[in-house]
Every structure is written in C-alpha cells, then in structure tokens.
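# Geometric and topological summary
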Amino acid sequence: MTSLLLQITTTADADTTAALAEGTEAAAETSVSLFDLAMNGGWAMIPLALLSLAAIYIFVERYLTLKKAAKNPEGFNDRIKSMVLAGDINGAKMLCAQANTPVSRMISKGVSRIGSPLKNIETSIENVGKIEISRLEKNLSALATIAGAAPMLGFLGTVTGMIGAFIAIAQAEGSVSPKLLSSGIYEAMVTTATGLIIGLPAYVGYNYLVSKIDSIVHAMEYSSIEFLDLLQEPQL
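Just so it is clear, the structure is predicted and the values come from calculations on it, not from any experiment.

Conventions we followed
- Residues numbered from 1 in each chain as written.
- Predicted model: local features only at pLDDT ≥ 70, side-chain atom pairs only at ≥ 80, totals over all residues.
- Heavy atoms only, no water.
- Patch = residues over 30% accessible without salt bridge, like charges linked within 9 Å, V, L, I, M, F, W, Y side chains within 5 Å.
- Areas by Shrake-Rupley, 256 points an atom, 1.4 Å probe, with all protein chains shown as cover.
- Salt bridge = Lys/Arg side-chain N within 4 Å of Asp/Glu carboxyl O.
- Buried < 20%, exposed > 50% of the residue type's maximum accessible area, 1.4 Å probe, protein only.
- Helix = DSSP H or I, 4+ residues; strand = E, 2+ residues; numbered from the N terminus.
- Expected span 1.5 Å × (residues − 1).
- Arc of directions from axis to C-beta.
- Polar contact = N/O pair within 3.5 Å; in protein donor to acceptor, adjacent residues only side chain to side chain.
- Contact = heavy atoms within 4.5 Å.
- UniProt positions renumbered as here; feature names shortened; annotations may be inferred.

With that settled, consider a nonpolar patch on the surface. Nonpolar side chains collect at one region of the surface, where Phe155, Val159, Ile163 and Ile167 lie side by side and expose about 360 Å² of accessible area between them. The exposure class assigned to Val159 is partly exposed, which follows from its relative accessible area of 35%.

Here it is in structure tokens:
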C-alpha cells in the first residue's frame, strides 16, 4: 500500500513538473521583446524613430538654451540702475556684455541709446526684445508638429498593417488560424502605441518649454519697464 502511494505521488509530481515546464516554455514563446515588436511594426517605425530622435534633440537643446537665458546675475537691475544714475554708461555696457542674456541684451541696447528721445529708446528695446523672443522660440513649432504628427503616423501604420493582415487572411486557404489573425493585428497595433509613446512626451515637453519662455519674457518685460522708468526720473 505504501509503495502504491509513493508511486502515485511520484507520478503526480512528474506531471506537475511537466506542466510547469510546458507553461514556462509557452510563456517564453509568447513573450516578445521590444526590439522584436519594433522590427515587426513595418515601414512606419522608420519615420517614427526619426521623429523620436528629433524630439529628443529639440527638447534637450531648447532646455539648455532656456536654462542659460534665465540666469541673470544677482542684483543685475539694481547694479544697472546705480551705474546709470552715477553716469557710468561704459560700466553698464560691460555688465550687460558679461551677463549675455536676453534681458541684458535688451538693457544694453537701451543703455547705448541714452541721450536719445525716450520713444526711440523704447522702440529699440522692443525691437531687441522681439529678436530675443524669436531666438527663444526656435524649433518649438517643430516639436509641436512632432507631438501631433507622431500619433497620426502611428495610426496610419496601424491602418496599413491591418489592411495587410486582412489580405493575408483572405488569401489563406481553409480555416484561418487564430495565430495568423492575432499576430497580424498586434503587429499592426505596434505603430499606434509607438506614435503615442513619442507624441505624449513631446507634447508635455513642448508645454514645459513654453512655460519656461513665458517666465523669461515676463522677466524681460519687467526689466525693460524698470529701465524706462529709471530714465524718466528727475535726476536724469
């Protein structure tokens, strides 16, 4: 009786081990790496990859540029004010040149126009401000385009992939295997997922950069207004 129980237990353990092995092999067969998914995505994966590289480059380049543009020397406006009131125009110009930021370039233009009518000084500062804003916004439109185009391109790749899958199903003789149907569909859906993965971060990055530009523009407006008010003080 004991030997019979041991035999049954051994058989059950062997069956369990075999079932676990089969399950592991099935899981290994069904698991697909990201690289394999990318390779199965079709033609749309190539432009999507280029868009992702362009989005990363634009965001990093703009982020570093805006970070540098937002760094004005501590007490910059107060030091410019004291130099202008003391008549040290050359010192104010040198301070602006050392700072080398959008704000300092605007103030430098205003300092160089001291002695001209106030309206001319204001106009020259505004013109420099427009140029600086244009530099800050460089390539932002391209990033916004990527944020909108990547999901649409991914959806286009899915549509063309689904068309190809259904053509393969129509050309298959006899009953259609579930594997043929499911593989064609999931390969087609890869491009939509990829487009969203690229588009969503690009959209968030675009809005983040816009907010950074807005803060820099506000600082430029504040500094220019303060400088023009300085020129209208009675002692000048």
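This is not the end of the story, as more comes after the structure.
Attention shifts here to helix α7 (residues 118-136). For α7, spanning 19 residues, the distance from its first C-alpha to its last is 27 Å, which sits close to the expected 27 Å at 1.5 Å a residue. Among all positions of α7, only Ile121, Ser124, Ile125, Val128, Gly129, Glu132 and Leu136 are buried. Down the axis of α7, the buried side of the element spans an arc of 140 degrees, and every buried residue falls inside it. Turned more than 90 degrees from where α7 packs its buried face, Lys119 and Lys130 sit exposed.

Relative to the helices and strands, Arg62 resides in helix α3 (residues 45-69). On the accessibility criterion, Arg62 (3% relative accessible area) is buried. Looking at Arg62, its side chain comes within polar contact range of the main-chain oxygen of Lys138, at 3.4 Å. Not counting chain neighbours up to four residues away, the residues in contact with Arg62 comprise Arg135, Leu136, Glu137, Lys138, Leu140 and Leu209.

Another aspect to go through is the UniProt feature "transmembrane region" (unreviewed entry) in the protein. As annotated in UniProt, the feature "transmembrane region" (unreviewed entry) corresponds to residues 37-60, 140-169 and 189-210 in the numbering used here. Counting secondary structure, residues 140-169 comes out at 100% helix and 0% strand; the distance between its end C-alpha atoms is 44 Å. Annotated as 100% helix and 0% strand, the span residues 189-210 places its first and last C-alpha atoms 32 Å apart.

Assignment of secondary structure puts Ser224 in helix α9 (residues 178-231). Residue classification places Ser224 among the buried residues on the basis of a relative accessible area of 11%. A C-alpha to C-alpha distance of 7.9 Å links Ser224 and Val103, two positions 121 residues apart in sequence. Apart from the residues within four sequence positions on either side, Ser224 is in contact with Met106, Ile107 and Ile125. Only 2.8 Å separates the side chain of Ser224 from the backbone oxygen of Glu221, close enough to count as a polar contact.

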